[in-house]
Amino acid sequence: MTTESQSLCTRSMQAPSSHHRRAWCPSFKLREVASMYCTMVAIFFIILVAALQGTAPSENHFPYKVPLDPEGILELSWNISYTEEVICFQLLIKELKYGVIFGMSDRGEFENADLVVLWSDGKNSYFGDAWTDAKGQIHLDSQQDYQLLKAQKTFGGLLLLFKRPISTHDPRDYLIEDDTVHLVYGFLDEPFPSLEAINTSAIQKGLQRVQLLKPNISKPTLPPDLENMEITAPNIIIPNQETTYWCYIKELPDHFSRHHIVMYEPIITKGNEALVHHMEVFQCAAEIEKVPHFNGTCDSKMKPEKLNHCRHVLAAWALGAKPFYYPEEAGLPFGGPGSSKFLRLEVHYHNPLELKGLHDSSGLRLHYTSTLRPFDAGIMELGLVYTPVMAIPPKETDFILTGYCTDKCTKLALPQSGIHIFASQLHTHLTGRKVITVLAREGRVTEIVNRDNHYSPHFQEIRKLKKIVTVLPGDVLITSCTYNTEDRKLATVGGFSITEEMCVNYIHYYPQTQLELCKSAVDLGYLQKYFRLINSFNNEDNGNYSNSSVKEQFASVSWNSFSRDVLKSLYDFAPISMHCNKSSAVRFPGEWERQPLPEIKVGLEEVTPQCQTTPGLSPASPALVNIDGKKG
């Protein structure tokens, strides 16, 4: 283990090094005075070190933290060394019985999972790197990549400190990337004679979603005249149901002038850390003069219709996210002329245990300045137009839809120096599984703007990019979403309903332009040709299709390999209707219907890591654990 990763993982488990330094003793002639002085200093340091032992590590050494289970019994903290390519985990177990399971899997399942297990046979405790097969059976990994560094009892519970490489080149291990990671956990309520004896189907278990690999970006300097505004739920009672979206309208003060938001951070009511899943603050449309005050569930029949016009994102936070900082040269404008004074807070509560009577005042704190920065930051929508012409057949495992921001639009709407994307928020509804946006220049895909191969619609946050992406006039931005509709009987069409679909990337950039929406959809005329062809092929051409809505026509399609393949081909080659829109929802001047798809000659070249099984390796032995100290 290198010096850096050793320091990264262990320094927070120790008293600060200054507490171990020898006290400096002045050389006085009066030896008695010097002796008393040195003795007092030594006693002080001994008391200080003793007081620090058994306490929780400093948050500075483990900057990221999430509760894993709804009751907060398991709390995970972590830190990353990109130079050493090591990630260090600290798992606080507040109530330990006979062990815990922690790990990662593709979608939060316990089959084909990469695990680390602490278990007891009733006499001794063991720690081991493990994996599960397609049936959920646990096996000890022959390559022990999770290394236990310390197991220590504290006043708050048992602390496990362990590490693993970000990439292990072990085919049994989960490849940690900078997208969403589905963490899994389980509680062992009884002793087991061996690791293989643990039945994962019979234990209490769950999942949590986080982004483990955060970009290594330094915090910018904040202005001295910083003010803040808290937008929080007004001491509501969290409904005793698994999923709740709560909406609350806040009005800005009268005569609130133009400001720049330069940072925002979460406010979580103490005790509700495991229930507040994600939060967003939206600004209402400027043309809506008055938005009724509302405080209730977002799907309530009492919700005023005007709240649907509050969709301009100002801030978004999800579990595990730290405060969000804007680049020093830009800020997000709000307030003043042309800006709505009404904001909508939306809080997603995840309460799978259906706990009752919990009060909550969580929300977001906006930090803003009246000293405007050189550039206004803007938010632009990329992807697909919200329209039923873009649809996913039922029973699909990985159906892809793609939206375009064409070179014609960027050439017309972007300044000559381009725009600079520094953050991104990906968005689909319930069937979305993957989202990616790439930048193409002169027919060649040059870089990825943002990608999430393990995307979940239940975990959406604004993510800072590892590096700023510059988009020049004439560039093309391509956003593709992959969907899974295995559990659906009818086609899933595009639209605003949660049971319909979206494919969106909200990019955060500067300087702000008039271009607010750059999206596409297949040409309606070509889609009607598709319906005529399919109906004719299936001998179902009754002549009434033109009187039906697109959604009704999709619902009447007989889905077979032919109708599916032809729809895929249609989306891959048919002309598009391009929406190159200003903030007023009016398109830029030009011809935007039946536009050809951008010509991409060279796609993105990526190297997939090849991990091969090493034959002949016998299973490793688990580590014997001394709960009261370091590993045995």
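Just so it is clear, the model here is predicted, and its values are computed rather than measured. (Residues numbered from 1 in each chain as written. Predicted model: local features only at pLDDT ≥ 70, side-chain atom pairs only at ≥ 80, totals over all residues. Heavy atoms only, no water.)

Description of the pairing of strand E16 (residues 276–283)
In terms of residue burial, E16 counts as a mostly covered element, since eight of its eight residues are buried. Relative to strand E21 (residues 342–350), E16 runs antiparallel, the two sharing seven bridges. Within E21, the position partnered with glutamine 283 by the bridge is leucine 343. With six bridges joining them, E16 and strand E18 (residues 312–318) adopt antiparallel strand pairing. Its bridge partner lying in E18, phenylalanine 282 is registered against valine 313. (Buried < 20%, exposed > 50% of the residue type's maximum accessible area, 1.4 Å probe, protein only. Helix = DSSP H or I, 4+ residues; strand = E, 2+ residues; numbered from the N terminus. Pairing = 2+ DSSP bridges.)

Observations regarding the packing of aromatic side chains
Enumeration over the complete set of coordinates arrives at 21 aromatic pairs. An angle of 40° between the planes, with centres 6.2 Å apart, marks the rings of phenylalanine 422 and tyrosine 510 as tilted. One end of the pair, phenylalanine 422, is in strand E28 (residues 419–427); the other, tyrosine 510, is in strand E34 (residues 504–510), with 88 residues separating them in the sequence. When sorted by exposure, phenylalanine 422 lands in the same class as tyrosine 510, which is buried. Ring geometry for phenylalanine 554 versus tryptophan 559: centroids 6.5 Å apart, planes at 10°, classification stacked. Accessibility expressed as a relative area gives 19% for tryptophan 559, which makes it buried. Put simply, the rings of Tyr264, Phe324, Tyr326, Phe375, Phe422 and Tyr510 pair up and form one aromatic cluster. The ring of phenylalanine 110 is capped by lysine 205, whose NZ or CZ atom sits 5.9 Å from the centre of that ring. In this arrangement the basic side chain of lysine 529 is found over the ring face of tyrosine 526, its NZ or CZ atom lying 4.5 Å from the centre. (Phe/Tyr/Trp six-rings, centres within 6.5 Å; stacked < 30°, edge-to-face > 60°. Lys NZ or Arg CZ within 6 Å of the ring centre and 35° of its normal.)

Quick look at the state of the cysteines
Counted under the stated rule, the structure contains five disulfides. Bridging cysteine 284 to cysteine 310, the disulfide has an S-S length of 2.0 Å. Looking along the S-S bond of the cysteine 284-cysteine 310 disulfide, the torsion reads about 90°, which is the right-handed sense. One end of the pair, cysteine 284, is in the loop between E16 and strand E17 (295–297); the other, cysteine 310, is in the loop between E17 and E18, and 26 residues separate them in sequence. A relative accessible area of 5% places cysteine 284 in the buried class. With its sulfur 2.0 Å from that of its partner, cysteine 405 forms a disulfide with cysteine 518. Disulfide cysteine 405 to cysteine 518: torsion about the S-S bond roughly 90°, handedness right-handed. Here cysteine 518 lies in strand E35 (residues 515–522) and cysteine 405 lies in strand E27 (residues 399–405), a separation of 113 residues in the sequence. According to the relative accessible area criterion, cysteine 405 is buried, its value standing at 1%. Residue classification places cysteine 518 among the buried residues on the basis of a relative accessible area of 0%. (Disulfide = S-S within 2.5 Å.)

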